[in-house]
Amino acid sequence: MLRPLYNPFALSVAQRSRSAAARRNSRKIPRTFDRAPAMKLAPLAALPLLLATGAASAADTPSTNAKVDAALPQITAWRRDLHQHPELSNHETRTAQLVAAELKKLGYDVRTGIAHTGVVGVLKGAKPGPKLAIRADMDALPVTEQTELPFASHATGEYLGKTVGVMHACGHDAHTAMLLGVATVLAQLKPALPGEVMLIFQPAEEGAAPGEEGGAPLMVKDGVFKDFKPDAVFGMHVRSAMPVGTVAVLPGGELASSDTFRIVIHGRQSHGAQPWAGIDPIVVGAEIVVDAQTIVSRQLDINKQPAVVTFGIFNGGQRFNIVPETAELHGTVRAFDEGMRAQALKSLRNIAEHIAAANGATITADIPLGDSNPVTYNDPALTARVRASLEQALGREHVIETARWTASEDFPYYGQALKTPSVYFFVGSTALGIDPATAPVNHSPKFLLDEGALAVGTKGMLQAALDFLGYKGG
Ligand SMILES: [Zn+2]
Ligand SMILES: [Zn+2]
């Protein structure tokens, strides 16, 4: 059975029931979220009916919000189509074709084939103004869907030599659909729009397969900004841990940096009964693991930000009575401050080298291993502006300051590449009536996005973009 889902189109029912005075005062759609009835997901066939209901609420909302409402059936249809046809990282060909075709229809200058399947669309407003880039990610995950959605994915793909189920278990279908929604309204506003907008549809945010390049760093390397230097970059992500209707943002370090590392310890093999005849890489590895705990507990200034050093793999040895030749450690370092990140990585190398040397061993250290993400750092001044825009579009009570989160993103590569400020916010996606704390998380085969998030994310991002560009109305 389907879980109860929030229905974005049902808002107008609650809104129409309010007095005319309340209606005049209310320009913030999500205020009615707590009154929205829990409903089963409407099948696509019911969309026209719901659209008619949704259109009736337009008078209550800012004109740009109403334009999102008008585009919502199309945004929802895009999302469902993408959900049903998910594609793994670096294989987003169908998705890219859909995106490019829609952007062309809307009048954007379109470039394709960036970082394999990436698409960008540029819209020049009729008036001079700043330049803004907004990014959505397009890839799905090697996860076999376990929802009962009528448009659930039955797709399969090849991953690490195996046939796997493919699912939009991280909500990138919603991100792509919402950015197309933003594209739709911006195109309508073009005659009165200042500045220029680049919409970035990025492949492989979840990480390219081993041995492949991909994602934001490859977009940058492939020249996404060669003809367009944005003054700011915006991004957003749906999140199961927050209820639909809520958006969240944090100034400063919001998501952690992520650095994978590998340390190979080279000892000397000997009989386990005669360890003095060899150099034991397992003992050296154990000392490195223990001493590395002092990076966070004794070396980093945790008044600034927290950090994490985790060893996830410790491999070594074949037989109980053989001191092996080598041992391997793999792990991850997370930080919320680029300085602390650099210090943690340097300390880890220092500890590994010196402990190895003290025991007569040597190491080969890949610190980092090469698939890193920087800190997702929200420029504080720009975040304050974006937060005001989100409050304007969605109502102040629906915008919260999120806690920092040790997950990571490749989004910050864009801002870092140009030393341009960026802001990244979260859009709640768990249906009302379900505890977000226990709802299936992003990447779960049961991850279930409430489609009310589509209206919220599109309206929030649109308002943030319009305010940044200095749009004053048509
Ligand atoms: Zn993900
Ligand atoms: Zn994601």
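The structure we're discussing is the one just above.
Residues numbered from 1 in each chain as written. Chains lettered and ligands numbered in written order. Predicted model: local features only at pLDDT ≥ 70, side-chain atom pairs only at ≥ 80, totals over all residues. Heavy atoms only, no water.

Caption draft 1: Geometry of the overall build of the protein chain. When helices and strands are tallied, the protein chain shows twelve helices and 20 strands. With 474 residues in all, the protein chain has 56% of them scored as buried. Sequence separation of 24 or more characterises 82% of the internal contacts of the protein chain that already satisfy a separation of 6 or more. Roughly 19400 Å² of accessible area belongs to the protein chain as shown, and the carbon and sulfur atoms make up 54% of that amount. (Helix = DSSP H or I, 4+ residues; strand = E, 2+ residues; numbered from the N terminus. Buried < 20%, exposed > 50% of the residue type's maximum accessible area, 1.4 Å probe, protein only. Contact = heavy atoms within 4.5 Å. Areas by Shrake-Rupley, 256 points an atom, 1.4 Å probe, with all protein chains shown as cover.)

Caption draft 2: Examining the pattern of salt bridges more closely. Going through the model one piece at a time under the given rule, you end up with 18 salt bridges. Between Arg79 and Glu451 there is a salt bridge, and its shortest N-O distance comes to 3.0 Å. Taken together, the residues Arg79 in helix α4 (residues 63–84) and Glu451 in the loop between β20 (422–430) and α12 (452–469) connect sequence positions 372 residues apart. By relative accessible area, Arg79 is classed as buried at 2%. Under the relative-accessibility criterion, Glu451 is labelled buried at 4%. Across the pair Glu391 and Arg396 runs a salt bridge, and its minimum N-O distance is 3.5 Å. A single salt-bridge network, built from bridges that share partners, covers Arg79, Arg80, Asp173 and Glu451. (Salt bridge = Lys/Arg side-chain N within 4 Å of Asp/Glu carboxyl O.)

Caption draft 3: View of the nonpolar core. Counting 69 residues, the largest nonpolar core has Leu103, Ile134, Leu186, Leu199, Phe201 and Phe234 as its most contacted members. Contacts of Ile134, omitting those with residues within four sequence positions, involve Leu179, Val182, Val197, Met198, Leu199, Ile200, Phe234, Met461 and Ala465. (Core = buried A, V, L, I, M, F, W, Y, C linked by side-chain atoms within 4.5 Å.)

Caption draft 4: Representation of the coordination of the zinc ion (ligand 2) within the structure. Donor atoms from the polypeptide that bind the zinc ion (ligand 2) are Cys170 (SG), His172 (NE2) and His237 (NE2), placed at 2.0 to 2.4 Å. The sequence motif formed by the donor residues of the zinc ion (ligand 2) is C-x1-H-x64-H. In this model, the zinc ion (ligand 2) sits 3.0 Å from the zinc ion (ligand 1), the two metals being bridged by Cys170. Placement of the pair is Cys170 in the loop between β7 (162–165) and α6 (172–189) and His237 in strand β9 (residues 232–243), with a sequence separation of 67 residues. (Donors = N, O, S within 2.8 Å, 3.2 Å for Na, K, Ca; no water.)

Caption draft 5: The arrangement of the packing of α4 against α6 in detail. At a closest axis distance of 8 Å, the pairing of α4 and α6 adopts a crossing angle of 145°. Viewed along their axes, α4 and α6 form a crossing whose handedness is right-handed. Of the residues in α6, those in contact with Thr64, Lys67, Val68, Ala71, Ile75, Trp78, Arg79, Leu82 and His83 of α4 are Asp173, Ala174, Thr176, Ala177, Met178, Leu180, Gly181, Thr184, Val185, Gln188 and Leu189. Across the contact of α4 with α6, the residue classes break down as eleven nonpolar, six polar and three charged. (Axes fitted to C-alpha atoms, helices over the stretch in contact; angles between N-to-C directions. Left-handed = near helix turned anticlockwise from the far one by under 90°. Nonpolar A, V, L, I, M, F, W, Y, C, P; charged D, E, K, R; others polar.)

Caption draft 6: Seen up close, the coordination of the zinc ion (ligand 1). Around the zinc ion (ligand 1), the protein contributes the donor atoms Cys170 (SG), Glu206 (OE), Glu206 (OE) and His443 (NE2), at 2.0 to 2.7 Å from the metal centre. One can describe the site at the zinc ion (ligand 1) as irregular: its four donor atoms subtend angles covering 52 to 151° at the metal. Donor residues binding the zinc ion (ligand 1) come from one chain and are separated in sequence as C-x35-E-x236-H. (Tetrahedral: all angles 85-135°; square planar, octahedral: opposite > 155°, others 65-115°.)

Caption draft 7: The environment of Glu145, seen in detail. Within the secondary structure, Glu145 sits in the loop between β5 (127–137) and β6 (156–159). A relative accessible area of 11% means that Glu145 is categorised as buried. Taking C-alpha positions, Glu145 is 8.4 Å from Ser444, a pair spaced 299 residues apart along the chain. If we ignore the near neighbours within four places in the chain, the residues touching Glu145 are His83, Ala152, Ser153, Met167 and Pro445. For Glu145, the side chain forms a polar contact with the side chain of His83, separated by 2.9 Å. At 2.9 Å, the side chain of Glu145 and the backbone nitrogen of Ser153 are in polar contact. (Polar contact = N/O pair within 3.5 Å; in protein donor to acceptor, adjacent residues only side chain to side chain.)

Caption draft 8: Structural view of the sheet that holds β20. In space, the eight strands of this open sheet follow the order β3-β4-β8-β5-β9-β20-β10-β19, with mixed pairing throughout. Sheet topology places β3 (109–114) and β19 (399–401) at the edges, where each strand pairs with a single neighbour. Shown here is a sheet whose adjacent strand axes are inclined to one another by a mean of 25°, direction ignored. In terms of strand pairing, β9 meets β20 through eight bridges, oriented parallel. Bridge pairing links Met236 to Phe425 in β20. Where helix α5 (residues 93–105) meets the sheet, its contacts fall on β3, β4 (118–124) and β8 (194–202), and the angle it forms with β4 comes to roughly 10°. Helix-sheet contacts for helix α10 (residues 380–394) involve β9, β10 (247–249), β19 and β20, and the interaxial angle to β20 is about 35°. (Pairing = 2+ DSSP bridges.)

Caption draft 9: The sheet that holds strand β14 (residues 307–316), seen in detail. Read from one edge to the other, the open sheet built from four strands follows the order β14-β16-β12-β17, with strand pairing classed as antiparallel. Each edge of the sheet is formed by a strand with only one pairing partner; in this case those strands are β14 and β17 (362–366). Ignoring which end each strand starts from, the neighbouring axes of this sheet average 20° apart. With five bridges joining them, strand β12 (residues 257–266) and β17 adopt antiparallel strand pairing. Residue pairing for β17: Ile265 is matched across the bridge by Ile363. Lying over the sheet, helix α8 (residues 281–299) contacts β12, β14 and β16 (326–335), oriented at roughly 175° with respect to β14. Running over the sheet, helix α9 (residues 338–358) touches β12, β14, β16 and β17 and is turned about 10° from β12.

Caption draft 10: Looking closely at α10. The first and last C-alpha atoms of α10 sit 20 Å apart over 15 residues, in line with the 21 Å expected at 1.5 Å per residue. Along α10, the residues that are buried comprise Leu382, Thr383, Val386, Ser389, Leu390, Glu391, Ala393 and Leu394. Phi for Gly395, located one or two positions after α10, is positive at around 100°. (Expected span 1.5 Å × (residues − 1).)

Caption draft 11: Representation of the packing of α8 against α9 in the model. Taken N-terminus to C-terminus, the directions of α8 and α9 make an angle of 145°; their axes are 9 Å apart at the nearest point. Here α8 and α9 pass one another in a crossing that is right-handed. Contacts from Val284, Glu287, Ile288, Asp291, Ala292, Thr294, Ile295 and Gln299 of α8 reach α9 at Gln343, Ala344, Ser347, Leu348, Ile351, Ala352, Ile355 and Ala356. Classifying every residue of the contact of α8 with α9 gives ten nonpolar, four polar and two charged.

Caption draft 12: Just unusual backbone geometry, in detail. With an omega dihedral of 0°, the bond running from Ile367 to Pro368 counts as a cis peptide bond. Note that Pro368 resides in the loop between β17 and β18 (376–378). The backbone phi angle of His116 is positive, close to 80°, even though this residue is not glycine. Structurally, the position occupied by His116 is in the loop between β3 and β4. Under the relative-accessibility criterion, His116 is labelled partly exposed at 46%. Its identity is not glycine, yet Leu160 carries a phi of approximately 50°, on the positive side. When you line up the elements, Leu160 lands in the loop between β6 and β7.

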